[in-house]
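Each chain, letter by letter, is given below.
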Amino acid sequence: MMNISSGCSTSCFDFALDHLDWIDKTLDSELDDYIWKLKMGIRILKPFDLYIRKCRRWRSNQFTCLEYGKEENGDAKSDNLRLSSISFRIQDLVRGITHGLDSAFFRYIQSSASNHSDIRPELARFEENMWLFFDSDIKEFNIISLLLYHSLGDLQLVMDFIDSISENLTHLCSKNCNVDVGLKIVMQTLQKKLMHLKSFIGFATLQGVEGVQLKDLLVHVEVVAVNAASLICRLWFQRHNEQVCNEINTEISQAIRQMIVPVDPQVQETYKHVLTASKLSRSSCTFAMKENKHLVADFIDYLLHSLMEILESYTSFLVPVKEQMLKLHEGVRFLIILLSRQQKKFDELNEEIKDLIGVVVSDAGIVIFSLSVNEMKECLCKETDLALSHLLVVLKLVIAEVGHIYPLSSSSLSFPKTNELGSLDFLLKILKELAGSTADSIAFPNNQICTILEDLVFLRAFLGNIGEQCCQNGKLQTLWSRVMKVAYCVEIEIDSALLGDKYEHCLDALARDIELLKIEAEELYDSIKYGSETRRVTKTTIRMPSQIVAPIFNEALVGLNDEVESIIDRLTRGSNQFDVVAIVGMAGLGKTTLAKNIYSDPSIKFHFHICAWCTVSQVYSKHNLLLQILCVIDSRSCDQYHKMNEDDLAAKLYQQLKGKRYVIVLDDVWDIEGWNLLKHSLPDDRIGSRVLLTSRFHNLSLEIKPDSKPLHLRPLTDKESLELLQKKLFAKEDCPPTLSEGVLNVAKCCKGLPLAVVLVAGILATTQQDCWEQVTRRLTSTVLVENEHCMKTLEYSYNYLPDYLKPCLLYLGAFQEDQDIPVRKLLRLWISEGLVQKIEGKSLEDVADNYLMDLIGRSLVMPAHRRSLGGIKVCQIHDLVHQFCVTKAKEENFLRILHGDDLLTFTGPYNAHRLSIFPTTSEEPIKSRLFFPNLRCLLFFDCDYRQQLDRSSLKFLLSGLLRVLDLGTTVGPYFLREVLFLVHLRYLSIRILGSGEIPSAIANLSRLETLAVGGPFINFLLPNTIWNIQTLKHLVVFPNDSGFKFPINDLEGSPDLEHLETLSLAIDPSSERQSLQKILSKLPSIRRLKCVNGHDNWNSRYHASAGDHDGILMLNYLSRLESLKMGRFAGYEFEFPFNLRKLTLLQNRQPWSKISAIGKLPNLEVLKLCPVSFVGEKWEMQEGEFQNLRYLKLFGLDIRWWTASCDNFCCLEKLVLENCFSLEEVPSCLGETLTLDMIKVKWCHESAVNSVKQIQQEQMDMGNKDLKMVIVE
């Protein structure tokens, strides 16, 4: 039992709380709730005792020092007695609790009782006593009014009082306190505001503010604190009264708005007077910032919160005002970064800068506390405008000065490190456009733009020449970084000016920096001419370990028996000519493991005279490759081989292999050069020698042997992953039943990647089995990629990429893990971001597609779904690759991923250029005030931003510099007004609900290339101003059965959209048939067109006779059109262009006799006939039709008989039949089609299925054993 001692009142409170903690730990959890409530009551009373005792001492001093009138003196004595009485009663109450508990606990020990019947009533009685004290002394005698009447303005009292109240608010907001969630949120806000006021006092005293100004602030904060203490006291003791709780919720909100937030003019003046005084009364020791810079940082944090609250308090604002506020926020936040640095680094700043920081903080506070909502809605008053402009200039000077002394990570000073030359090319394109522009909308002199362009063109060429030497030369590295930094600053300055900011942007300083860099580059030019020699030496002089050991081949192999047999068969049988067999696939799939198992197979050892293994990898030399092979062939002569040069080694290897049947494994080959170094040492004696090669690159094996068929290694199934994991963990023993479920979940987590399985096994093998359940819950691919070996593998792949592919790969990290990535969307995003380089004679789309195929060829990206003719429609990346991309993108400041939940806790840095928001687990929209001043890309993939953020939070993320904006799955009531000010947008994806009208201000987005709009089955009306966006390439509506309606008035006077390639179009043919031709004639570059009937009652003719004829829709003049989808045009005929390659028809109700016109299209390769595209039971294909058709799909048709001849299918590769319930059979002549490689039949008549099976048999008889058949009955 604890000893009880008397002491001061503060110690009696602390002692009582400690005593309750001791009892709580000693007894079981049955009394936890009772004890917590009693402790909470004591904490609530503690600040009142603190304040009352201070009042008594202060009034005693007043009696001693001052003369009072008789009446006044009597009132003062009466108040003092009341305060003394209350203070003694509080202390007696608390001491009584301690003594009472001690006695009850003693009785409990003495009785050896198994329950707490002696203690529980005592706890309840003590809580009742506290409630009675509140009701009689605090509530009835109105002690709060007495305290407010005698405000002291004492510095230490106010600081201690706020700390005590803040502690109580923390406990009231904890899970132990059963109050409304909304009330907890309000209390959390109150706590934050009180700590902000404390930081204000700390800053003011640090600045040397004293006298009346400090007294006014202290009294104001004291009044706020006493009111806060009163409110939480009432809340606690009346927490079961719902009406009282609602009233307190309202009163706390009012207190925050009226007494803390500087909205009230009197509060504003108090705050501003203090800050003005802080500028005049600083001490000569630079306001002791050296020892107390944390106090300044706390106050700056308060200013930032205040600024954000002002910005969120209005819904409409001028963009320039918002931009200025965001610049202020960024500049002030920079000071927090500076103040948070190590003390030693901070001490390196000169005294003038330290002193200036204090002035800037005070000025920032004056500006922020001077702002009003009305000003923000309309325009800043002249005085505030001037003060803000001056402040921004000073902040810029401080940042520049500090940056020279000690570079800081600030968003305005950072730039992405990926594909820097590509970024520079993008800037040069912008500068060329500006140099050739006659518009006066930008305030930069044309001659200045031309000079900067000329100098940057030189520097771009210079950087291109020094790329190879840069990593080995510190001077070149520094120069490279400086060039990229100044180029990035130029881009930001130009783009900021284009926003229409009324404040001046100037390129003078940057132009001078670029000129100096050019001079420096010219001086360095002569010193880098030896670059090519440096590269050659680096490539070939690789230091090897002193001993080379043959690899060990006993790794577990699961699920690849068929692959093993296939490879062994290709190695040991077939032609006697020399051959190369390749195993390709992404990193971690088990290529090396498979090769090792094949290499060690007895049949291989028996068949070949010589077996050798050589690991090539990314860094290699000819000497090393030859040495590896020779040391395996003749290990006894290994020391002798080390002394030989590469020419002698090549000759020796040829001599060793000549006349013998050999197999050499070349593992992890990265490029053709490795093969070229060895091929002349590998004789072809036509006795069946082989090379087994593993690589991540599909094309590599084709470069070595164009007619080879590499084995593409597949991922393991979940069952195979589990088998491999169990082998690694338990060898030949069975998995304990208690662990089987967890092990299965981990196996699934590995997503078929053997390397991941092995890494997981390594983690579990070093963990106690009774902890496995906990480990498996936490084990995700994130844990996997932290493994050094796995990350190193992916790092090698990344570093080996050409620079232009690196950002394209990292961009895939913006999509969610395991997400299907639509290829066309991905390519458009790459292009809009400027990641795709222009190549003469190719469109950007074709170049981007080549980029993707390159990444697929390197096994970094996996095709998920293919298009009709084999192109990639959807792709994926493995979880390990995804995690690598996310990590590397963050490291290089290329892309930042935030989950919705992170928006509340994110603390910086705020220098992100691309931001992808993943879905949150929060049930309510998050109120975040994050903003990233230089943000270029904002993506809400597969999530609704309204579920992630409230509306005002989104406004902060909509940086004026955005180029790409995808608002995800959100369906808003109307087109977001804020989006219309984002003049740099090149890609916009948005969903809207309602009238479907696109506002005319969309023309502000004069650089827009892709506009994708979605909604629930709505057609969207474009404004007349759409014709002014000359950069448009893609106008897309989703879902697929909707489209854009073009304005048809004044078409002749509108400019053509010359670059538009993709269009979702909705048109009413009954009234606008002639307009269709006029609209499409203004789109000369259209390549992909989806056209739907936009009439509100389009289905009124749905049941009309197929023979009815309402007119012809003319499309034959679209000379570049390659892909066309026409839907819901019942009663109309079509004239198609001859160059059409792909055609999809839906709900047009045409008779089968009209399909002959389609069959005569000479270039048609893909035909999809969807529900009710044609009606009737019989389709007779005519001779000479569909001569180039490669893909045919019949879906949802009522066709019963289908006849054709052999020449109708001479090129057909794929046939898909789906939901054709009436079709009796497929034309038998398909059995003679030599090109057929896939037939899919889903939900069709049994007789049709049987006819397809007969065709399969005929194909097999013809030798087509590779025909793929998919039947779903």
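To keep things clear, this report deals only with the structure shown in the data block. (Residues numbered from 1 in each chain as written. Predicted model: local features only at pLDDT ≥ 70, side-chain atom pairs only at ≥ 80, totals over all residues. Heavy atoms only, no water.)

1. Describing the overall build of the protein
And then number 1: Looking only at helices and strands, the protein features 45 helices and 32 strands.
And then number 2: Residue burial in the protein is summarised as follows: out of 1273 residues, 53% are buried.
And then number 3: Of the contacts formed within the protein by residues at least 6 apart in sequence, a portion of 68% connects residues at least 24 apart.
And then number 4: When the accessible surface of the protein is totalled, it reaches about 57,000 Å², and 50% of it is carbon and sulfur. (Helix = DSSP H or I, 4+ residues; strand = E, 2+ residues; numbered from the N terminus. Buried < 20%, exposed > 50% of the residue type's maximum accessible area, 1.4 Å probe, protein only. Contact = heavy atoms within 4.5 Å. Areas by Shrake-Rupley, 256 points an atom, 1.4 Å probe, with all protein chains shown as cover.)

2. Here's the deal with the packing of helix H17 (residues 420–435) against helix H19 (residues 474–497)
And then number 1: Packing of H17 against H19 brings their axes to within 10 Å, and their N-to-C directions diverge by 40 degrees. Taken together, the axes of H17 and H19 are oblique relative to one another. The chirality of how H17 crosses H19 is left-handed. Residue-level contacts link Glu 420, Leu 421, Leu 424, Leu 427, Leu 431 and Leu 434 of H17 to Trp 480, Met 484, Ala 487, Val 490, Glu 491 and Ile 494 of H19.
And then number 2: Classifying every residue of the contact of H17 with H19 gives ten nonpolar, no polar and two charged. (Axes fitted to C-alpha atoms, helices over the stretch in contact; angles between N-to-C directions. Parallel < 35°, antiparallel > 145°, perpendicular 65-115°, else oblique. Left-handed = near helix turned anticlockwise from the far one by under 90°. Nonpolar A, V, L, I, M, F, W, Y, C, P; charged D, E, K, R; others polar.)

3. Regarding the sheet that holds strand S1 (residues 579–584)
And then number 1: The strand order S2-S3-S4-S1-S5 describes an open sheet built from five strands, whose pairing is parallel. In this open sheet, the two edge strands, each paired with only one partner strand, are strand S2 (610–617) and strand S5 (711–712).
And then number 2: Looking at chain direction, S1 and S5 are connected through two bridges and run parallel. Looking across to S5, one finds that Ile 583 is bridged to Leu 711. (Pairing = 2+ DSSP bridges.)

4. Focus on the side chain of Asn 168
And then number 1: Counting through the fold element by element, Asn 168 comes out in helix H6 (residues 155–172).
And then number 2: By relative accessible area, which is 2% here, Asn 168 ends up buried.
And then number 3: Excluding its chain neighbours within four sequence positions, the residues that come into contact with Asn 168 are Met 40, Arg 43, Ile 44, Pro 47 and Ile 232.

5. Focus on the environment of Leu 1005
And then number 1: Its place among the elements puts Leu 1005 in the loop between strand S13 (987–991) and strand S14 (1010–1014).
And then number 2: For Leu 1005, a relative accessible area of 0% corresponds to the buried category.
And then number 3: On a C-alpha basis, the gap between Leu 1005 and Thr 1031 in space is 9.5 Å, while along the polypeptide they are 26 residues apart.

6. Focus: the pattern of salt bridges
Should their charged atoms come close, side chains of opposite charge can pair.
And then number 1: Throughout the structure, instances matching the rule amount to 34 salt bridges.
And then number 2: The partner of Glu 1133 in a salt bridge is Lys 1154, with the nearest N and O atoms 3.0 Å apart. Taken together, the residues Glu 1133 in strand S22 (residues 1132–1135) and Lys 1154 in the loop between strand S24 (1150–1151) and helix H44 (1155–1159) connect sequence positions 21 residues apart.
And then number 3: Look at Lys 1154 and you get partly exposed, because its relative accessible area is 34%.
And then number 4: Salt-bridge contacts for Lys 1178 lead to Glu 1180; the nearest nitrogen and oxygen are separated by 3.9 Å. (Salt bridge = Lys/Arg side-chain N within 4 Å of Asp/Glu carboxyl O.)

7. Digging into unusual backbone geometry
And then number 1: In this model, Val 1172 sits at a positive phi of 60 degrees, which is unusual for a non-glycine residue.
And then number 2: Its place among the elements puts Val 1172 in the loop between strand S25 (1166–1169) and strand S26 (1174–1175).

8. Some words on the pairing of strand S19 (residues 1088–1093)
And then number 1: Summarising burial for S19: six of the six residues are buried, a large majority.
And then number 2: Side chains of S19 alternate between two faces, with Arg 1088, Lys 1090 and Val 1092 and Leu 1089, Cys 1091 and Asn 1093 buried alike.
And then number 3: As defined by bridge partners, strand S18 (residues 1062–1067) adjoins S19 across six bridges and the pair is classed as parallel. Within the sheet, the bridge partner assigned to Leu 1063 lies in S19 and is Leu 1089.
And then number 4: Pairing geometry for S19 and strand S21 (residues 1123–1127), over five bridges, is parallel. Opposite Cys 1091, over in S21, you have Met 1126 as the bridge partner.

9. Thoughts on helix H25 (residues 622–633)
Three or four residues apart is the spacing at which side chains of an α-helix point the same way, because the helix has 3.6 residues per turn.
And then number 1: Its twelve residues place the ends of H25 17 Å apart at the C-alpha level, agreeing with the 16 Å of an ideal helix rising 1.5 Å per residue.
And then number 2: Taken together, the buried positions of H25 are Asn 624, Leu 625, Leu 626, Leu 627, Gln 628, Ile 629, Leu 630 and Cys 631.
And then number 3: Buried positions along H25 lie against S2, helix H26 (638–642), helix H27 (646–657), strand S3 (662–669) and helix H28 (672–678). (Expected span 1.5 Å × (residues − 1).)

These results come straight from atomic positions and should not be treated as a statement about function.
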